[in-house]
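Below are the chains, spelled out letter by letter.
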Amino acid sequence: MKMIQYEIKMIKMFKGFDRAKDIQYVYTPVFSSLCGVKLDSNNKAGYLLSGSMWSDGRISIGQCDLVELWDNLSLSQKKNLNYRYQMGCECRINTCYTVPCASTGENECLWTDWLLDNSLNGEQARQYACIRRSDTSCSWYRGGPPPEKDFLDMTDP
């Protein structure tokens, strides 16, 4: 398969320290029909990348991985990268595509962005983290202030 090699400057690694040390290149298929992604290499844009490591140590990225411009991430996503997402490593996120959609176990969070917003980058993805709770079940957690009101409560002064 023909691959594009992108030279990267890794600023911070959030996961995978034990398997990869200094990553200089990432690889992606040339064609989007083979799940290839295009990175803006002209403007030296910052990205959050997730991918897979091949047996030869190379890192591949594709459409099924998280490939997002750093500036497009919400404040919650940036904060969760440093701590909260690690709390969900034992949790499984099950994507809901159709109704009915049910959890298959306590170690699972149902991801409904695609179902409700027809988007992979909806409210859950941008504002919540799936974490393991003290009772060992998994659930969505939203840190920070509550969302702004979309309506006026007539009892407010």
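Everything quoted here is computed from the prediction, not taken from an experiment.

1. Side note on the packing of aromatic side chains
Summed over all chains, the structure comprises 1 aromatic pair. On the numbers, 6.1 Å between centres and 25° between planes, the contact of tyrosine 27 with tryptophan 54 is stacked. Of the two residues, tyrosine 27 sits in strand 2 (residues 25-29) while tryptophan 54 sits in the loop between strand 4 (52-53) and strand 5 (59-60), which places them 27 residues apart along the sequence. The ring of tyrosine 27 has arginine 58 lying over it, and the distance from NZ or CZ to the ring centre is 4.9 Å. Above the face of the tyrosine 128 ring, arginine 142 is positioned so that its terminal group lies 6.0 Å from the ring centre.

2. Here's the deal with the pattern of salt bridges
Counted by the stated rule, this structure contains 3 salt bridges. One salt bridge connects glutamate 108 with arginine 92, and the closest N-O pair in it is separated by 2.7 Å. Taken together, the residues span a long stretch of sequence, with glutamate 108 in strand 8 (residues 108-111) and arginine 92 in strand 7 (residues 92-95) at a distance of 16 residues. Taking relative accessible area as the criterion, arginine 92 reaches 48% and is therefore assigned partly exposed. In this structure, arginine 133 and aspartate 135 form a salt bridge, with 3.2 Å as the shortest nitrogen-oxygen distance. What makes arginine 133 partly exposed here is its relative accessible area of 41%. On the basis of relative accessible area, aspartate 135 is assigned to the partly exposed category, the value being 43%.

Rules used in this analysis
- Residues numbered from 1 in each chain as written.
- Predicted model: local features only at pLDDT ≥ 70, side-chain atom pairs only at ≥ 80, totals over all residues.
- Heavy atoms only, no water.
- Phe/Tyr/Trp six-rings, centres within 6.5 Å; stacked < 30°, edge-to-face > 60°.
- Helix = DSSP H or I, 4+ residues; strand = E, 2+ residues; numbered from the N terminus.
- Lys NZ or Arg CZ within 6 Å of the ring centre and 35° of its normal.
- Salt bridge = Lys/Arg side-chain N within 4 Å of Asp/Glu carboxyl O.
- Buried < 20%, exposed > 50% of the residue type's maximum accessible area, 1.4 Å probe, protein only.

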